[in-house]
Amino acid sequence: MKILSIETSCDETALSVVEVNESTQDPTFDILASSLYSQASKHAEFGGVFPALAKREHARNLVPLLAELDYVQKLGDRSEEIVENTKKEVEDILVREPGLAEALIEFISNHDKPDVDVIAVTSGPGLEPALWVGINFARALSLIWQIPMIPVNHMEGHIVSFLLHKNDTNTNIEELNASFPALAILISGGHTELVLVKNFGDYEVIGQTTDDAIGEAYDKTARLLDLPYPGGPHIANLAQQARGEGVENDWLKLPRPLLHSPDYNFSLSGLKTAVLYAVQKRGDLSDNDKKIVAQEFEQSVVDVLIKKSRKAIEDYNIQSCIVGGGVIANQFIRDNLQILADEQNIPIFFPTQELSTDNATMIAIAGYFTTKHTEPEICPDIVAQGNLSLNK
Ligand code: KG4
Ligand code: ZN
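Caption draft 1: Spatial organisation of the sheet that holds strand β10 (residues 348-349). Spatially, the five strands line up as an open sheet ordered β8-β7-β6-β9-β10, and their pairing is mixed. Pairing within the sheet leaves two strands with one partner each, and these edge strands are β8 (202-208) and β10. Here six bridges tie strand β6 (residues 182-187) to strand β7 (residues 192-199), and the two strands are oriented antiparallel to one another. Within the sheet, the bridge partner assigned to Ala184 lies in β7 and is Val195.

Caption draft 2: Looking closely at the pairing of strand β5 (residues 149-153). For β5, the buried fraction is high: four of the five residues fall into the buried class. As paired elements, strand β4 (residues 118-124) and β5 share five bridges and run parallel to each other. Residue pairing for β5: Gly124 is matched across the bridge by Asn153. In terms of handedness, the path from β4 via helix α5 (residues 128-145) over to β5 forms a crossover that is right-handed.

Caption draft 3: Fine view of the site of ligand 1. Residues in contact with ligand 1 amount to 16 residues; listed here are only the nearest, Gly189, Gly190, Asp219, Gly326 and Asp358. Between an oxygen atom of ligand 1 and a side-chain N or O atom of Asp219, the distance comes to 2.6 Å. At a separation of 2.9 Å, an oxygen atom of ligand 1 approaches a polar backbone atom of Gly326. Elements with a minimum of two residues in the shell around ligand 1: α8 (214-224) and α9 (232-245).

Caption draft 4: Representation of the layout of surface pockets. Considered as a void within the structure, the second largest pocket measures approximately 360 Å³ in volume. Along its surface, the second largest pocket is lined by 20 residues, and Asn153, Glu156, His373, Leu388 and Ser389 are the ones closest to its centre. Contributing elements (two or more residues each) for the lining of the second largest pocket: β5 and β8. Counting residues per element, the lining of the second largest pocket draws most heavily on β5, which supplies three residues. Residue composition of the lining of the second largest pocket, grouped by class: seven nonpolar, nine polar and four charged.

Caption draft 5: Spotlight on the pattern of salt bridges. Per the stated rule, a full pass over the model turns up 20 salt bridges. Note that Glu97 is salt-bridged to Lys55, the shortest N-O span being 2.9 Å. Here the residue Glu97 occupies a position in the loop between α3 (80-93) and α4 (100-108), and Lys55 occupies one in helix α2 (residues 51-68), the gap between them amounting to 42 residues. Judged by relative accessible area, Lys55 falls into the partly exposed class, the value being 23%. A salt bridge links Lys88 to Asp92; its shortest N-O distance comes to 3.1 Å. Of the two residues, Lys88 and Asp92 both sit in helix α3, four residues apart, roughly one turn of that helix. We classify Asp92 as partly exposed; its relative accessible area is 47%. Salt bridges linked by common partners bring Asp212, Glu216, Lys220 and Lys272 together as one network.

Cut-offs and rules
Residues numbered from 1 in each chain as written. Chains lettered and ligands numbered in written order. Predicted model: local features only at pLDDT ≥ 70, side-chain atom pairs only at ≥ 80, totals over all residues. Heavy atoms only, no water. Pairing = 2+ DSSP bridges. Helix = DSSP H or I, 4+ residues; strand = E, 2+ residues; numbered from the N terminus. Buried < 20%, exposed > 50% of the residue type's maximum accessible area, 1.4 Å probe, protein only. Right-handed = clockwise from strand over helix to strand, strands pointing away. Near = heavy atom within 4 Å. Polar contact = N/O pair within 3.5 Å; in protein donor to acceptor, adjacent residues only side chain to side chain. 1 Å grid on protein atoms, 1.4 Å probe; cavity = no way out; pocket = protein on both sides within 12 Å on 5 of 7 lines; lining within 4 Å. Points joined across faces, edges and corners; volume = space filled by probe spheres on them. Nonpolar A, V, L, I, M, F, W, Y, C, P; charged D, E, K, R; others polar. Salt bridge = Lys/Arg side-chain N within 4 Å of Asp/Glu carboxyl O.

Here it is as structure tokens:
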């Protein structure tokens, strides 16, 4: 099975073609082609992702990325007839995405239908204006090429992203089969979730943030220290320097929100507010002060994340951990999760750096698991769901 996937839930526009090999007992996945454009630098001046800009950028970049995929063959003018037959409908589908219908029709008219069995598109969670662009683009392609399509949950993408390693494109999932139930720890700029994975396709969200996501808290804290967006890596850097240099902290103690609550939930916005008050009280911050804030903030995040993850592992008799989301670029968080897994004597799986941030390859893999319970259809009425949950 070959899957063309489309991801536009936030500020990455991405396409991928993944081949699923089902000839063995457990499927293996190969990336045949992928293209991605990150809008992060365009959102930097707003200090966060600006939905209207994200939508516009997705509409502008989808066709160039489709061309860049280098998978849809250029075969001259063979497709003109398809265009004649579907032009009006395509224009209707893409009526809210300025310029996209024209660019797509132009592209289709000199490219042939690709060798793809299913189109998978992220339908949520995410920014609804951004999600709609991907959904409508996928619907137009589905109609033009008469290829059935399915909606995919972005968070399932983060869960399955570890199944594909960059230098080891044939990762067998057999090693994980013995290790359910698994605990997925999903930490990104948009999400903080602990998910009980009973099997691929069978999930239960057991904990989540009640306000800001972990990455968002890093970014907001960074802003308080006058660091550029996205601030996560800058905070991580300062915290690491503080630990490396043994900088002494004799003035700052931040809260560990919900550390002792009997659930698996997180709350990060109070932590950011505590940083704000502490920084205001301190006045002008020296370089060392900034390092102290970064270290204390990061330690607070890690203390709560590890405590809640440990509680989930013990309460649910978890057999393995799966990590996903852009924040796992953070080495301190990674190291502490690894230590936790070692202490609990269970394996822990991380995706590559490239597949930990938003991408379309993970959407294709999640799309494969989605086909196990959802029948792909030609141009179905899929609705963007900003708050789509993994719970059934
Ligand atoms: O998954 P992602 O690329 O975007 C979505 O949220 O969908 O994650 C980006 C987030 C940003 O908040 C960024 O600041 C954070 O991940 N981040 C980090 C690090 N690298 C990226 N946070 C902490 N430490 C890092 N090293
Ligand atoms: Zn994401």
